[in-house]
Amino acid sequence: LGIIFYAHDLVTLFIGWESMSWSSYFIISQSAKLKTMQKYIIFNLGAGFALLGAIVLIYTFAGTPIYSDIYFNKVPMELRMPIYILLFITIFIKSGILPFHHWVVDTYEESNHLFSAVLSAIIPKAGVFLFVVLFIKVIGYKYIEPNLLDIVAWLGVITSIVATFKAISQDS
């Protein structure tokens, strides 16, 4: 997880992202059922491939993987939205945002209780951290469509409300 926080380039970020996903998978596999593990790995592979696709597109036009050397204005306008979508898919899956939350409940429930605390406290925040790093350091705030930020905010609100009502309705 520390790799993600200390990364200064897209390659190191991707390696850290995948290391976090795979190491979590191996810890989850110690106590979770096969169906839960499959759900976790499918969603997280999707997130990994989406992140890799976005990184390849950014690198193709920026010519460098180093955050401070990336000038997002070199990316053609018609490719910006696909990059945003790939990054949002990555972030939403890891953060458990609706409708990409299907791996969360079973994984938290079936994980070792000590690891479940880490899983719920740190892993989703890595998605939020990725959002901040990529959309502030790499892409730059001025290149983000304001409507995209509104969509992200509303998805976060809806996810919070749905999760709260589902938690209240639980018996145990």
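These numbers come from a predicted model, not from an experiment.

### Section: the packing of helix α3 (residues 34–62) against helix α4 (residues 77–95)
For any two helices packed against each other, the geometry comes down to the angle between their axes and how far apart the axes lie.
And step 1. Close contact between α3 and α4 brings their axes to 8 Å; oriented N to C, the two are set at 150 degrees. With respect to each other, α3 and α4 are oriented roughly antiparallel. Viewed along their axes, α3 and α4 form a crossing whose handedness is left-handed. Contact residues: α3 offers Tyr40, Phe43, Asn44, Gly46, Ala47, Ala50, Leu51, Gly53, Ala54, Leu57, Ile58 and Phe61, while α4 offers Leu79, Ile83, Leu86, Leu87, Ile89, Thr90, Ile93 and Lys94.
And step 2. Residue composition of the contact of α3 with α4, by class: 15 nonpolar, four polar and one charged.

### Structural notes on the environment of Trp103
And step 1. Within the secondary structure, Trp103 sits in the loop between α4 and α5 (104–110).
And step 2. The exposure class assigned to Trp103 is buried, which follows from its relative accessible area of 0%.
And step 3. Discounting chain neighbours no more than four positions away, the residues touching Trp103 are Lys39, Tyr40, Phe43, Asn44, Ile93, Lys94 and Tyr108.

### Some details on the environment of Ser68
And step 1. With respect to the element layout, Ser68 can be found in the loop between α3 and α4.
And step 2. The class for Ser68 is exposed, based on a relative accessible area of 58%.

### Quick word on the packing of aromatic side chains
And step 1. Summed over the entire model, instances satisfying the criterion amount to eleven aromatic pairs.
And step 2. For the pair Tyr25 and Phe26, a centre-to-centre distance of 5.6 Å together with 65 degrees between the ring planes defines the contact as edge-to-face.
And step 3. On the basis of relative accessible area, Tyr25 is assigned to the buried category, the value being 17%.
And step 4. These aromatic residues form a ring-pair network of at least three members: Phe72, Tyr84, Phe88, Phe92, Phe131 and Phe135.
And step 5. Lying over the aromatic face of Trp17, Lys94 brings its terminal NZ or CZ to 5.3 Å of the ring centre.

### What to know about the nonpolar core
And step 1. Leu10, Leu134 and Phe135 are the most contacted members of the largest nonpolar core, which has 46 residues in total.
And step 2. Put simply, the parts of the chain that give this core at least two residues each are α2 (10–28), α3, α4, α6 (113–121) and α7 (123–138).

### Remarks on α7
And step 1. End to end, α7 covers 21 Å across 16 residues, agreeing with the expected 22 Å (1.5 Å per residue, within 8%).
And step 2. When α7 is considered as a whole, its buried residues turn out to be Ile123, Pro124, Ala126, Gly127, Leu130, Val133, Leu134, Phe135 and Val138.
And step 3. For α7, the elements touching its buried residues are α2, α3, α4, α5 and α6.
And step 4. One or two positions beyond α7, positive phi appears at Gly140, with a value near 95 degrees.

Cut-offs and rules
- Every residue gets a number counted from 1 within its own chain, in the order that chain's sequence is written.
- Confidence filtering applies because this is a predicted model: local features only for residues at pLDDT of at least 70, side-chain atom pairs given and counted only at 80 or more, and all residues used for totals across whole chains, interfaces and linings.
- Only heavy atoms go into the side-chain values, all of them from the structure, while hydrogens and water stay out.
- Lines fitted to the C-alpha atoms define the axes, with helices restricted to the stretch that makes contact. Angles between their N-to-C directions range from 0 to 180 degrees.
- Helical segments are the DSSP runs of H or I of at least four residues, strand segments are the runs of E of at least two, and each set is numbered from the N terminus.
- Roughly parallel refers to an angle under 35 degrees, roughly antiparallel to one over 145, roughly perpendicular to one between 65 and 115, and oblique to any angle outside these ranges.
- Crossing chirality is assigned from the near helix's rotation relative to the far helix, an anticlockwise turn below a right angle marking it left-handed and a clockwise turn marking it right-handed.
- In what follows, residue pairs with any heavy atoms lying within 4.5 Å of each other are defined as contacts.
- Each residue is assigned to one of three groups, with Ala, Val, Leu, Ile, Met, Phe, Trp, Tyr, Cys and Pro labelled nonpolar, Asp, Glu, Lys and Arg labelled charged, and all others, Gly among them, labelled polar.
- For each residue, the accessible area found with a 1.4 Å probe, counting protein chains only, is set against the maximum for its type, and the residue is called buried under 20%, exposed over 50%, and partly exposed in between.
- Aromatic pairs are defined between Phe, Tyr and Trp rings, using the six-membered ring for Trp, whenever the two ring centres lie within 6.5 Å; interplanar angles under 30 degrees are classed as stacked, those over 60 as edge-to-face, and all others as tilted.
- Comment: the charge-over-ring label is applied if NZ (Lys) or CZ (Arg) is within 6 Å of the ring centre and within 35 degrees of the ring normal.
- In this description, a nonpolar core means a group of buried Ala, Val, Leu, Ile, Met, Phe, Trp, Tyr and Cys residues linked to one another through side-chain atoms lying within 4.5 Å.
- Expected span, for any helix, means 1.5 Å times one less than how many residues it has.

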